[in-house]
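# Residue-level structure breakdown
The residues making up each chain are set out below.
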Amino acid sequence: MDERQGAGQDRFRDPLVSLYEMAAEDIYVVCPRCGHRAINAARPTADKRVPSWPRRLSCTRCAYSASWSPRGSRESCWGGPVDPFFGLPLWLTVQCCGGKTLWALNRTHLDLLQEYVGARLRERGPQPGGMTLVARLPNWLKAAGNRDEVLRAISRLRASVD
Ligand SMILES: [Zn+2]
């Protein structure tokens, strides 16, 4: 992903990552006990599929912790403002654009959204098989008329994890 950094702000090229790949990093969730920010960390295994990795939830505020493993767990639900493993609300969610919910799993996800929304020129990458995270973004988030409001919302989210 680093080669994108020096490419300038105007042009965005789809890095062809999926939401699953974003989940390889820590996911910020709302702690079910104290309501502050908790971390859902991946525990990578030899399996290449990120959704099959065990997860560990921990809150530094109240010391709450929990584990998740794919075996015997309910079906994960991806693609909304809820942590797909523990089913907890994501920390990085904000209302914008007339009641729409902007959400992100983590900083890397936020970076990608900011680069995409802020770019004047968006290049579609080749579309191999599955849909990329960028290809799945909702239309309201892609609309030029919403750009400034979405970027402000992203800034607010970023401030909550810096
Ligand atoms: Zn807590």
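You'll find the structure just up there.
Summary of the structure given here.

What counts and how
- Residues numbered from 1 in each chain as written.
- Predicted model: local features only at pLDDT ≥ 70, side-chain atom pairs only at ≥ 80, totals over all residues.
- Heavy atoms only, no water.
- Axes fitted to C-alpha atoms, helices over the stretch in contact; angles between N-to-C directions.
- Helix = DSSP H or I, 4+ residues; strand = E, 2+ residues; numbered from the N terminus.
- Parallel < 35°, antiparallel > 145°, perpendicular 65-115°, else oblique.
- Left-handed = near helix turned anticlockwise from the far one by under 90°.
- Contact = heavy atoms within 4.5 Å.
- Donors = N, O, S within 2.8 Å, 3.2 Å for Na, K, Ca; no water.
- Tetrahedral: all angles 85-135°; square planar, octahedral: opposite > 155°, others 65-115°.
- Buried < 20%, exposed > 50% of the residue type's maximum accessible area, 1.4 Å probe, protein only.
- Core = buried A, V, L, I, M, F, W, Y, C linked by side-chain atoms within 4.5 Å.
- Pairing = 2+ DSSP bridges.
- Salt bridge = Lys/Arg side-chain N within 4 Å of Asp/Glu carboxyl O.
- Phe/Tyr/Trp six-rings, centres within 6.5 Å; stacked < 30°, edge-to-face > 60°.

### Some words on the packing of helix α2 (residues 107-118) against helix α4 (residues 147-159)
- Between α2 and α4, the shortest axis-to-axis distance is 10 Å and the interhelical angle comes to 160°. As the angle between them shows, α2 and α4 are arranged roughly antiparallel. Where α2 crosses over α4, the handedness of that crossing is left-handed. Counting all contacts with α2, which are made through Leu110, Asp111, Leu113, Gln114, Val117 and Gly118, the residues of α4 involved are Arg147, Val150, Leu151, Ile154, Leu157 and Arg158.

### Describing the coordination of the zinc ion
- Around the zinc ion, the protein supplies Cys31 (SG), Cys34 (SG), Cys59 (SG) and Cys62 (SG) as donor atoms, at distances of 2.3 Å.
- Each of the 4 donor atoms around the zinc ion contributes to a set of angles spanning 104 to 113°, which defines the coordination as tetrahedral.
- Summarised as a motif, the one-chain spacing of the donors to the zinc ion is C-x2-C-x24-C-x2-C. Remark: Cys59 occurs in the loop between β4 (55-58) and β5 (65-68) and Cys34 occurs in the loop between β2 (27-30) and β3 (37-42); sequence separation between them is 25 residues.
- Its relative accessible area of 5% is what places Cys59 among the buried residues.

### Overview of the nonpolar core
- In terms of nonpolar packing, the biggest core is built from 45 residues, with Leu102, Leu105 and Val150 touching the most fellow members.
- Considering every element that reaches this core, the biggest residue donor is α2, with 5 residues.

### Comments concerning the sheet that holds β3
- Pairing within the open sheet is antiparallel, and its 4 strands lie in the order β2-β3-β4-β5. Since the sheet does not close on itself, it has two edges, and those belong to β2 and β5, each with one partner. Taken pair by pair, the neighbouring strands of this sheet meet at an average axis angle of 25°, ignoring direction.
- Where β4 lies against β5, 4 bridges are found, and the strand directions are antiparallel. Counterpart to Ser58 in the pairing with β5 is Ser65.

### Some remarks on the pattern of salt bridges
- Within the structure shown, the criterion is met by 5 salt bridges.
- The closest approach of N and O atoms between Arg13 and Glu123, which form a salt bridge, is 2.6 Å. Placement of the pair is Arg13 in strand β1 (residues 11-13) and Glu123 in strand β8 (residues 121-123), with a sequence separation of 110 residues.
- You can call Arg13 partly exposed: its relative accessible area is 45%.
- One salt bridge connects Arg158 with Asp111, and the closest N-O pair in it is separated by 2.9 Å. With Arg158 in helix α4 and Asp111 in helix α2, this residue pair connects regions lying 47 residues apart in the sequence.
- Note on Asp111: relative accessible area 31%, which makes it partly exposed.
- Look at the salt bridges and you will find they share partners, linking Arg11, Arg13 and Glu123 into a network.

### Structural notes on the packing of aromatic side chains
- Under the counting rule described, the total for this entry stands at 4 aromatic pairs.
- A ring pair is formed by Phe12 and Tyr116, whose centres lie 5.2 Å apart and whose planes are at 90°; its orientation type is edge-to-face. Here the residue Phe12 occupies a position in strand β1, and Tyr116 occupies one in helix α2, the gap between them amounting to 104 residues.
- Residue Phe12 is classed as buried on the basis of its relative accessible area of 2%.

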